[in-house]
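Structural overview
Here's the letter readout for the chains.
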Amino acid sequence: MAKKGFTLWFTGLSGAGKSTLAERVQDELLERGLNVEILDGDIIRTNLSKGLGFSKEDRDINIRRVGFVCNLLTRNGAVAIAACISPYRKIRRENREMIGRFVEVYCKAPLETLIERDPKGLYKKALAGEIKNFTGISDPYEEPENAEIVVDTGEESIDESVAKIVRTLELMSLVPASESQTEYSEEEEEEIKKRLRDLGYI
Amino acid sequence: MALFGRRRKRTLVVGLDGVPHSLITRLAAAGTMPNVARLVDLGSLARMKVTLPEISAVSWPSFMTGTNPGTHGIYGFVDPKPGSYDIRFPNFRDLGAPTIWDKLGEKKKRSVVLNQPSTYPAREIPGVLVSGFVAISLPKAVYPRRALADLEKLDYRIDIDTARAREDHDYLMEDLAATLESRRRAVDHFWANEDWDYFQVVVTGTDRLMHYIWSAIDDPSHAYHDATLDYYRSVDTFIGDLYDRFTRESGRAEPGEGFFMLSDHGFCGIEQEVRVNRWLVENGFLSFETDAPRSIEEIAPNAKAFAVAPARIFLNRRGRFPKGRVDDASARAIMDEVEAGLSELTHEGRPVIEHVFERDEVYSGPRIDGAPDLVPVGHHGFDLKDTVREAEVFGRTNLTGMHTWDDAFFWSRREQAPDLEITKLADIILEEAV
C-alpha cells in the first residue's frame, strides 16, 4: 500500500481520553511504518496558539491553526493526529473540507463520569466558577453528527478503543495491516547470507 | 530515625559474545581487565557449557528461554526447509518458547534489552528491545518504534562492517571501538530515560575480533596484539562503569546481587577447518548429482547423510527429505558407521572429533522434529564446517578463531553448581529478578 497521509481528528470533552488514545494510536501506526505527528491541544496552546484564550473567536482561530498544520502534514504523506476539544461543528467541518482525507474520532463519555474522573482538576475549578468558558460546564460542546469512529471511553478500555480506531483505519485502507512476517525477503536473505559468510558461519 | 522507602530492585545482565572462560580469567589475572578481576574476587566466574551447535544463533535463544533447541526450535543460523534441502533463515518469530523478558512482563517488570543477537526482527516485549546480529535493518530491529528516533540520533550501530573488517584489520579495530562507543551511548540513553527493572546489553565486538584475529591475543609479536588487548581493556571499562552505576541504583542489599555476566560460547584458535560434507563424500555416505555441487540441493538420491551449517548431520530419510531413501530399519547402522568413522578421523596424528552426539542426547521437547540426527563436536582447533565446494576435508581460510562449546562463562554473586549449562541461566536470573 503506498503511503498516503491523512488526518485523524480526536474531538471530545476535556478528560475524555483524546490525548491518551492519540498516543496509543500513534505508537501503533509507527510500528506499521507510518510517519505520525500529534497536535495535542494542551501543547498547541503553549506554542502555536500561545496567547489565545477560550472565547469562541479564539477557539475558532486555534482550531483553524491546528487544521492548517494537519493539512500540511497530510498532503506531504504524514499522518496528523489532532487531539483538541474542538467544540464547534462548523470549524471541524471546515477542516474536514480543507484536508479531505479526514477521519473524525468522537471520544464520548458522560459528563458526570468526566467530572468524577477530573484528571487535571479542571472540572472542580470550573464548577466553582474559578475557570470561565469551560467546555461542558460553561461553554457548549457540539457533538459530532457523523464521526467516522465513536469510542465510548466511559465504557470501553483503552485497548478496546485503540483496536477499534486502528481496525477502522485498516478497513478504510488508510493504514496497512500489521505485519506477521515469518520469512525474510530475497533481498534480506542475501544480506544475511553475506554477513554469515563474512564470519565463516556458512 | 529516618524511614527509607523500599527501593526498586533491579537486575543487570551483560553479555560478552564469544568470550571464553579461559581467556577472561587470564586477562583478569594479568591486569588487563581489572574490573572483571574485581568481580572475580566478589563472586563466582563459572565455566559453562552451551547447547549445540555452539553458535550464537542457538546459544542466545537457549539463554533467553532457558530451554534447549528441541523446545525453542532454533538449531542454527540456517535450517533445511521442511521437506526440502533448500535452506531458510530462522528468525525471532520462530522462537517457540517465552523469553526471560516475557516472563518478567508477567510479573509487571519492564526490560530494556540492547543488541541482543537472535531477536531479529524485533517483536513486542514488555519494555524496549533492540535486536543484534543478524539484524540488517535498524527500523525492523527496534521495539517500540518510538525508540528508533532515539537510536538514530545516537548514531547507533548494529554491528561492525564484517566484510571490510575481515580483510582490513586496521579498519576492524577502528570499527570495533566506534561500535562499542555507540553501544555505550545507547546504554546511557535508555538507562536514564526508560522505566526499567531489568537491563541487558550484549557486546558482540568480542566475537568479531576473535573470528578475525584470535591469533593476536597471545602473540606479543603479532601486529595487532596491543590493539587487541586495548579493546579488551575498553570492554572491561564498559563493564566496570555499568557495574558501578548499577551498584548505586540497583536497590539491592549486597554488592553484586542482581548483576550477571555471561558469554554464549567460547573461542579458540583454528588449526584446521574440517569439511564434514567432504568427509561424508569420501566415506561413501554422500554423493551428488553433479561433479561440482554448489549446495546440498544437488544431493543424489542414494545419499545416506549430509551436513548443514556448521556440521549438523541429517540422515537422508525417506519421508523427511524429497530424495530421501534411508528408512528406519537402516538408520541405526548408518549412524553407527558415521559415528565410528568420525571418531577415528585424525589430522597429523591428532584425533579430530571430541564426540558425536545423537539427537536425543542433546535435544528434547516439542520441536525435536527439526533436530539433526547427529551433532559432532571437534576437539579445540578443529573447526567443523558443512561447505560442499571444497575438494579437501582439511583446509584453512583467513579466519583464525573458532567457537567452543565447553568454555563459555557465567558470573554471578552466588556460587553455581558444577557442570553449569546455559539453559540453567534463565531460572537463576529470574529467581533474583522477580
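For clarity, every value in this text was computed on a predicted model and none was experimentally measured. (Residues numbered from 1 in each chain as written. Chains lettered and ligands numbered in written order. Predicted model: local features only at pLDDT ≥ 70, side-chain atom pairs only at ≥ 80, totals over all residues.)

Our next topic: the overall build of chain A. A count of helical and extended segments in chain A gives eight helices and five strands. Helices and strands in chain A line up, N terminus first, as β-α-β-α-α-β-α-β-α-α-β-α-α. By principal-axis analysis of the C-alpha atoms, chain A measures approximately 75 × 35 × 30 Å. Per-residue burial over chain A gives 38% buried out of 202 residues. In chain A, of all internal contacts separated by at least 6 residues, the share reaching a separation of at least 24 is 74%. (Helix = DSSP H or I, 4+ residues; strand = E, 2+ residues; numbered from the N terminus. Buried ≥ 20, exposed ≤ 12 C-beta atoms within 10 Å, placed from the backbone. Contact = placed C-beta atoms within 7 Å.)

A word on the overall build of chain B. Looking only at helices and strands, chain B has 14 helices and 22 strands in total. Taken over C-alpha atoms, the radius of gyration comes to 22 Å for chain B, in line with the 22 Å a tight globule of 434 residues would show. When its C-alpha atoms are laid out on the principal axes, chain B stretches across 80 × 50 × 40 Å. Within the span of chain B, comprising 434 residues, buried residues form 52% of the whole. Within chain B, contacts between residues separated by at least 24 positions form 67% of all contacts whose residues are at least 6 apart in sequence. (Rg over C-alpha atoms; globule rule 2.2 N^0.38 Å.)

Of note, A:M172 is situated in the loop between α7 (158-171) and α8 (186-198). Spatially, the C-alpha atom of A:M172 lies 9.7 Å from that of A:V103, the residues being 69 residues apart in sequence.

Before going further, it helps to examine the sheet that holds strand β4 (residues 102-108) of chain A. Residue and element names in this part refer to chain A. With respect to topology, five strands assemble into an open sheet ordered β2-β3-β1-β4-β5, the strand pairing being parallel. Of all the strands in the sheet, just β2 (36-40) and β5 (149-152) have a single pairing partner and so form its edges. Across the sheet, the axes of successive neighbouring strands diverge by a mean angle of 15°, strand direction being ignored. Strand contacts of helix α1 (residues 18-31): β1 (6-11), β2, β3 (79-83), β4 and β5, with the helix running at about 175° to β2, the strand carrying the most contacts. Sitting on the sheet, helix α3 (residues 56-75) touches β1, β2 and β3, and the angle it makes with β3 is about 160°. (Pairing = 2+ DSSP bridges. Axes fitted to C-alpha atoms, helices over the stretch in contact; angles between N-to-C directions.)

Moving on, we come to the domain arrangement of chain B. Residues and elements named next belong to chain B. The domain architecture assigned to chain B consists of domain 1 (11-268 + 402-433) and domain 2 (272-395). Distance from the C-alpha centre of domain 1 to the C-alpha centre of domain 2: 30 Å. Across the boundary between the two partners, domain 1 contributes 25 residues, which contact 24 residues of domain 2. At the level of elements, α4 (69-72), β3 (79-80) and β20 (401-404) are the ones that each hand at least two residues to the side of domain 1 that touches domain 2. Sort the elements by how many residues they give to the side of domain 1 that touches domain 2 and α4 lands first, with four residues. (Domains from an automatic or database assignment.)

This part takes up the pairing of strand β5 (residues 111-116) of chain B. All names here are of chain B. Most of β5 is tucked away, with six of its six residues classed as buried. The sheet contact formed by β5 and strand β6 (residues 127-131) spans five bridges and is parallel. Residue pairing for β6: S111 is matched across the bridge by G127. Where β5 meets strand β8 (residues 198-203), four bridges bridge the pair, whose relative direction is parallel. In the sheet register, V113 faces β8, and the bridge partner there is Q200.

All names here are of chain A. By the element assignment, L114 lies in helix α5 (residues 111-117). Separated by 81 residues in sequence, L114 and G33 have C-alpha atoms that sit 34 Å apart. When neighbours within four sequence positions are excluded, L114 is seen to be in contact with L13, G15, A16, A109 and Y123.

Contacts between the two partners involve 22 residues from chain B, matched on the other side by 19 residues from chain A. Element by element, the count of residues in the side of chain B that touches chain A is highest for helix α7 (residues 162-167) of chain B, at three residues. Looking at side-chain class alone, the side of chain B that touches chain A contains 12 nonpolar, four polar and six charged residues. (Nonpolar A, V, L, I, M, F, W, Y, C, P; charged D, E, K, R; others polar.)

Let us now look at helix α1 (residues 21-29) of chain B. Residues and elements named next belong to chain B. Three or more residues of α1 are buried, namely H21, L23, I24, L27 and A28. The buried residues of α1 occupy an angular sector of 165° when the element is viewed end-on, so they sit on one face. Of the surrounding secondary structure, the elements contacted by the buried residues of α1 are α2 (34-42), β2 (44-49), α10 (225-249), β10 (266-269) and β21 (408-412). Downstream of α1 by a residue or two, G31 has a phi angle that is positive, lying close to 90°. (Arc of directions from axis to C-beta.)

Residues and elements named next belong to chain B. For M402, the position within the fold is in strand β20. Exposure remark for M402: the 27 C-beta atoms within 10 Å place this residue in the buried category. Along the chain, M402 and I74 lie 328 residues apart, while their C-alpha atoms are 20 Å from each other. M402 has contacts with F267, C268, I270 and D383, leaving out every residue within four places of it along the chain.

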